Structure formats: C-alpha cells, structure tokens
Amino acid sequence: MPARILLESTNTFYSSVNTGIQRVVRNIGIHAAQVSKEMGVECIPVVHIREKFYPVSFRRTDRKWADFADACWEIYRFVMGAILRFVPVRSIRKLLLPEPGHAGIFKGPNIVSRMLADLARSTFIKPIDLRAGDMLLLLDGCAKDNPLELLEKAHESSVTIGAISYDLIPLQYPQMFHPNLVTQFRNFMNWAVQNVDFFVAISDTVKGDVQQFVQEHAPERVFSEHAFASFPLGAELDYPTGTPQIRQDITSFFGEPDRKSPFLTVGTIEPRKNHLFVMQALDRVWQEDEHARLCIIGRTGWLCHEIINSIRNHERFASHILLITDATDHELEYCYQHSAALIFPSKAEGFGLPIVEALQHGLPVLASGIPIHREVGREWCSYFDLNSSDELADLMLTVLEGNAASLTPPPETYPPRTWLECTRRLIQGCLKQQQAGYVYDGEEQSTVSMSRQKQKTTRLGDVVEGLRRSA
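Residues numbered from 1 in each chain as written. Predicted model: local features only at pLDDT ≥ 70, side-chain atom pairs only at ≥ 80, totals over all residues. Heavy atoms only, no water.

Caption draft 1: Up close: the layout of surface pockets. Here the second largest pocket is characterised by a volume of approximately 1,100 Å³. Residue lining of the second largest pocket: 30 residues in total, with Arg85, Arg93, Leu97, Arg247 and Asp249 positioned closest to the centre. Put simply, the parts of the chain that give the lining of the second largest pocket at least two residues each are helix H3 (63–84), helix H4 (90–96), helix H10 (248–254) and strand S10 (321–324). Ranked by residue count, the leading element in the lining of the second largest pocket is H3, at five residues. (1 Å grid on protein atoms, 1.4 Å probe; cavity = no way out; pocket = protein on both sides within 12 Å on 5 of 7 lines; lining within 4 Å. Points joined across faces, edges and corners; volume = space filled by probe spheres on them. Helix = DSSP H or I, 4+ residues; strand = E, 2+ residues; numbered from the N terminus.)

Caption draft 2: Region of interest: the sheet that holds strand S5 (residues 160–165). If you trace the seven strands from one edge of the open sheet to the other, you get S3-S2-S1-S4-S5-S6-S7, paired in mixed fashion. The sheet is open, and its two borders are formed by strand S3 (52–55) and strand S7 (228–230), each paired with just one other strand. When strand polarity is set aside, the average angle formed by the axes of neighbouring strands in this sheet is 30°. (Pairing = 2+ DSSP bridges. Axes fitted to C-alpha atoms, helices over the stretch in contact; angles between N-to-C directions.)

Caption draft 3: Quick peek at the packing of helix H2 (residues 21–39) against helix H17 (residues 419–431). Axis separation between H2 and H17 bottoms out at 8 Å; the angle between their running directions is 70°. Here H2 is positioned roughly perpendicular relative to H17, judged by the angle of their axes. Together, Arg23, Val24, Asn27, Ile28, His31, Ala32, Gln34, Val35, Glu38 and Met39 of H2 and Trp419, Leu420, Cys422, Thr423, Arg424, Leu426, Ile427, Gln428 and Leu431 of H17 make up the contact between the two elements. Taken together, the residues of the contact of H2 with H17 sort by class into eleven nonpolar, five polar and three charged. (Parallel < 35°, antiparallel > 145°, perpendicular 65-115°, else oblique. Contact = heavy atoms within 4.5 Å. Nonpolar A, V, L, I, M, F, W, Y, C, P; charged D, E, K, R; others polar.)

Caption draft 4: Main features of unusual backbone geometry. Phi at glutamate 51 takes a positive value of approximately 70°, unusual for a residue other than glycine. With respect to the helices, strands and loops of the structure, glutamate 51 is situated in the loop between strand S2 (42–49) and S3. Within the chain, arginine 378 stands out as a residue other than glycine whose phi angle is a positive 45°. Of note, arginine 378 is situated in the loop between helix H15 (371–377) and strand S13 (381–384). Taking the relative accessible area as the measure of exposure, arginine 378 reaches 38% and is therefore partly exposed. (Buried < 20%, exposed > 50% of the residue type's maximum accessible area, 1.4 Å probe, protein only.)

Caption draft 5: A look at the pattern of salt bridges. Under the counting rule described, the total for this entry stands at 16 salt bridges. Between arginine 114 and aspartate 118 there is a salt bridge whose closest N-O contact spans 3.7 Å. Separated by four residues within a single helix, arginine 114 and aspartate 118 lie in helix H5 (residues 107–124), roughly one turn from each other. Classification of arginine 114 as partly exposed rests on a relative accessible area of 31%. Connected through salt bridges with shared partners, the residues Glu270, Arg272, Lys273 and Glu349 form a single ionic network. (Salt bridge = Lys/Arg side-chain N within 4 Å of Asp/Glu carboxyl O.)

Caption draft 6: The arrangement of the environment of alanine 201 in detail. Positionally, alanine 201 belongs in strand S6 (residues 198–201). We classify alanine 201 as buried; its relative accessible area is 2%. Residues alanine 201 and isoleucine 164 lie 37 residues apart in sequence; the distance between their C-alpha atoms is 5.6 Å. Apart from residues no more than four positions distant in its own chain, alanine 201 is found in contact with Ser165, Val206, Lys207, Ala229, Ser230 and Phe231.

Encoded structure:
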C-alpha cells in the first residue's frame, strides 16, 4: 500500500469557481480525511509553492469568518448591482461586478492575498517531503499551473504519478475552444502519456477515450491492467459560498402565479453547451404553448459573445427567458426544486453533473443522446437527437402537458450519488496501482518499476519535438 496519496489541487484551491472540475476537486478534498480513516491510507490535499508541496484544507472550519465574508460580498453585489442598473456599458459591469471565474476589479487584491497566503504557508507550515512509495494525484487535470518539472523530479524519486481525466473534448472538438486552451491541453496530454503512471477517469466513456489516446500517442509504453480506472461523481450541492437568500429576480420568475414552471438549463455559456439549440426548440414550442419559459444558469465561458447576444436580444427575453450567470448553490437548488424539467443539450461532456444533480432533486431530465449522457442518465433521462430541435420541442410539449411521468421511471428512483462514495471509489482506484508494481517494498521493486526509466522516452523537450512532428 502506498505510504501517502497527495492530492495536488493548487488550481482549484485558489479559484472562486465551483462548477465542473472545481466542484469535483473541492468535494474530494473535503471528504479525503474521512476516506483516509476508513481505508487506512493518508490522503492529503496539497498545493505547490516554489518547488515544494504544502498541505491545505478545503473545510471551512471558521464559519463565523466565512459567513462574514459572504455577507460582505452579498452587500457589495446588491449595492453595486443597484448602481450599475444605470450604467449600460457591459465591460464596466463585468469589471465592477465580476461573474464567477472572472476577477474583475478584484484581480489585484486577489494576487496580493495569494502571495501573502503563500508566504505565510511557506513560512509557518512544514512542506511535505516526497519519498519513495508516495502517490501524487493530479486532481485538477490539465491545469495550466501544473508543476511539470517538479512532478518529473518526484517521479525520478520513485513517486507514482496519477492524473484524473475529466475528458478529451478540447482535442476532440478544438473548434469549440479558445486556441490557447487547446494548445495547453494538448501539451499536457503529450506530457502525461509519457510521464503519468495511471489515469482515473470520471466515466467509463472518458476512460475508453484516454486508453485510445495513450495507445495512439505512446504505443511503446507498457501499462498495467489497473492503470486505467474510472469513478462516478457525486450529486449533492456543497454551498461553499453565498447566503441562503434567493434573489428577487429568481423568485419572481419561478413564482409567477397561474403560470407553468419554467424549464432549466445549467452549464457554462460556451459553444459546447449548445444553448442556441434550446432556443430553436423553444421557438417551435411557443407556436403551440406561448406560456413556456426557460431559466438559463451558467457562468460566462469562452467564445460566448454571440450566444449571450442571441439570448439577450430575443424578443421574449426577460418575460419568458431568465439568464443568471452568477447563481449560488442555494439559488441553483431553488431552481432545481421549482423547474418543470432540466434540459441538457450538450454536444460533448466528460460526465454531465447537472444530470445527476437534477435527478437527485427529483427533476425530469431531457438530454442530448450522446454516449456519456446515456451512461450517466441511463433509463432515467429522455433523450433527443442533436440533429433535430423538433425532437426536443416534442419532449418539452409532453412535459408542459403534464405527461413527464410517461417518459421515464420516476427521477426519485435514480440511485443516489454522494461525494463521499465518489471519493472512496477514487481512492480505491488509486490503491489498485499497488498491483501495477509501482509501490516499493523496502529495497525490492517490481519489474514494472525497474523498467520505468526505460519506458520514459521523453521529458518536456521531447514533448515539444512530438508537437513539431505532428504539426
């Protein structure tokens, strides 16, 4: 058994975002201590500072201070929001009232506060000395600040390196991402296939994609039978920030008397999430039921200018369409509880957290019929073809007619998913690596361990050369 499993989570630890990867990492970090006790292995969330790793905690133990900070932000958002109602310039609004994932006017203070926190941590907290037998798991996936050279040094010291694989979508659909992100992702994966000992994917679909990628890009490497694993994600909302107060815009939209409950979409505003497909279906639905409404929840992402303009410029915006780009978990839960159904039209996903979140709240789900959605939602979702918005429109009309129960088994019967069980499955996948021969026992090491250096035909320089050949 490995001496320790270090959960590298620098990117998420310093991020204000709590969707997608960040929600996964944060919840694994929170439940790591309990799983450590259950399985008898030390699981430690860590961040890297100046070529060293330091332990951190994701638990908000000081509730009074956290509540005070949340209250200050809520007051600022309310006051600044009232002022900015008279300012039509969107760039100024984004600067003074930044959305999740965008620092805005707080960028400078955030940088300073991180520098001070890192200084205090490196001064008063003892760094973790990596030793043979440790495992280092890259929880943040292909985060741009992964310390690749530091990881290589750890590898040379017989530390096993693993990575969570969330998806390969930037490589499969590069046209839907910013070119810089595609380059970053490609560089990481070219490094990973030559330096990572094992991969743990968030779904069987992604696991298969990763196995194929490794076979194509590193055919000379020999992996054990346990080097590719998968684990399911949890469904509970963890409310890391924000007060329980639901803003009036939301309660008014959902609480209008004598009107049917709105449909709901949840996901970052970006091309892959396919929001305009839902708008096309809505235009068809309105021909038969003018009372249909839609709430769109998602922070702004990349290549989203045209999408947001199409939504905001729609003739039914505000009256029948509500766009919330900075919803708290409390507000998200409120929307799950008061919607007619979740619409999840993504063109590609690694998992699809909103599907399990909605089903856990007893909400019907209408999802695009891509393989990953069928893996996660199984018979509890109603699927539509992405080549025809009419299929989605027909499902929406069925829901509006009160016949959602005829489409699938009751959402309440969907097997519950918890982040604690998610963390257990992840650590179990890591522990199986001892069968791969990567774990040292005294001075003796397995054949796979002894051949590790022979298998590693590349370092950072070789990755660059590989990219040049493939260009």
